[in-house]
Amino acid sequence: MSAVANPATVGECLRVGAGFSQGDRNWIAEQFATLDARLAGFHADATELEVSVKDREARGQKVTLECWVAGRQKIVTTSTEEDLHAALNDVRDDLRRKLNDAKTRQEPRNNKHLREQPAPVDLDDAPRLDAETA
C-alpha cells in the first residue's frame, strides 16, 4: 500500500448535517474515531464525511452517514436504531464494511485470498512414474 502524504481522519473530514449542531461534532467524532485507521489510506483533501439525523430522538429517527472519496462512488449508510448512540455506531460499522468491500472490489490484486491461490497443475507436463521404475 502506498503511503498517503496527508491521510484522512474523521476529525478533518466530518461535517454535521441536519439534526446535529456544531456542539455535537466533537462527540460524534469521538464515536467515529475507529474509522481513522480505515480512512488513512485516502487523502484528506479528497475525502468527506457527513452525518445527519432525521426526527432526532423520535420514534422513527433515521441517522445517515455519507462518505465521498475522490475517484470512488459515494457510500451511504443508514440506521433506524431508536438510541442515537447505537445508531451512530451502526452507521460507523456499516461504513467500515462498505469501505473494505469497495477497496477489495477496486484492487483485487491486493486481496491476499486471491494472491495466494495455487497455480493450476497441468497433468500433461507432470513427470510420470512407471510401475517398474518406482
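Keep in mind it's a predicted model, so treat the numbers as computed, not measured. (Residues numbered from 1 in each chain as written. Predicted model: local features only at pLDDT ≥ 70, side-chain atom pairs only at ≥ 80, totals over all residues. Heavy atoms only, no water.)

**Some thoughts on the sheet that holds strand E3 (residues 62–69)**
Right, on to step 1. Across the sheet, which stays open at both edges, the four strands sit in the order E1-E2-E3-E4 with mixed pairing between neighbours. Both outer strands of the open sheet, strand E1 (14–16) and strand E4 (75–79), are each paired with one neighbouring strand and no more. Each adjacent strand pair in this sheet contributes to an overall mean axis angle of 15 degrees, direction not counted.
Right, on to step 2. In this sheet, E4 lies alongside E3 in antiparallel orientation, the contact comprising five bridges. Note that in E4 the partner of Glu66 across the bridge is Val76.
Right, on to step 3. Sheet strands touched by helix H2 (residues 22–31): E1 and strand E2 (47–54). Its angle to E1, the strand with the most contacts, is close to 140 degrees. (Pairing = 2+ DSSP bridges. Helix = DSSP H or I, 4+ residues; strand = E, 2+ residues; numbered from the N terminus. Axes fitted to C-alpha atoms, helices over the stretch in contact; angles between N-to-C directions. Contact = heavy atoms within 4.5 Å.)

**What about unusual backbone geometry?**
Apart from glycine, the bulk of residues carry a negative phi angle, and the bulk of peptide bonds sit in the trans form.
Right, on to step 1. Although it is not a glycine, Asp55 sits at a positive phi angle of roughly 60 degrees.
Right, on to step 2. Structurally, Asp55 can be placed in the loop between E2 and E3.
Right, on to step 3. Residue Asp55 is classed as partly exposed on the basis of its relative accessible area of 46%. (Buried < 20%, exposed > 50% of the residue type's maximum accessible area, 1.4 Å probe, protein only.)

**Brief notes about the nonpolar core**
Right, on to step 1. In this structure, Phe32 and Val51 are the most contacted members of the largest nonpolar core, which totals 27 residues.
Right, on to step 2. The set of elements that each furnish at least two residues to this core consists of helix H1 (10–13), E1, H2, E2, E3 and helix H4 (84–106).
Right, on to step 3. The greatest single-element share of this core, amounting to six residues, is contributed by H4.
Right, on to step 4. Residues contacting Val51, with those up to four places away along its chain left out, are Leu14, Arg15, Val16, Gly17, Phe20, Ile28, Phe32, Val63, Thr64, Leu65 and Leu88. (Core = buried A, V, L, I, M, F, W, Y, C linked by side-chain atoms within 4.5 Å.)

**A look at the pairing of E3**
Right, on to step 1. With respect to burial, E3 is a largely interior element, six of its eight residues being buried.
Right, on to step 2. Sheet topology places E2 next to E3; eight bridges connect them, and they run antiparallel. Looking across to E3, one finds that Glu50 is bridged to Glu66.

**Some points on the pattern of salt bridges**
Right, on to step 1. Inspection of every chain in the model, using the stated rule, returns ten salt bridges.
Right, on to step 2. In this structure, Lys74 and Glu66 form a salt bridge, with 3.0 Å as the shortest nitrogen-oxygen distance.
Right, on to step 3. Lys74 gets classed as partly exposed once you look at its relative accessible area, which sits at 43%.
Right, on to step 4. Residue Lys98 is joined to Asp94 by a salt bridge in which the shortest nitrogen-to-oxygen separation is 4.0 Å. (Salt bridge = Lys/Arg side-chain N within 4 Å of Asp/Glu carboxyl O.)

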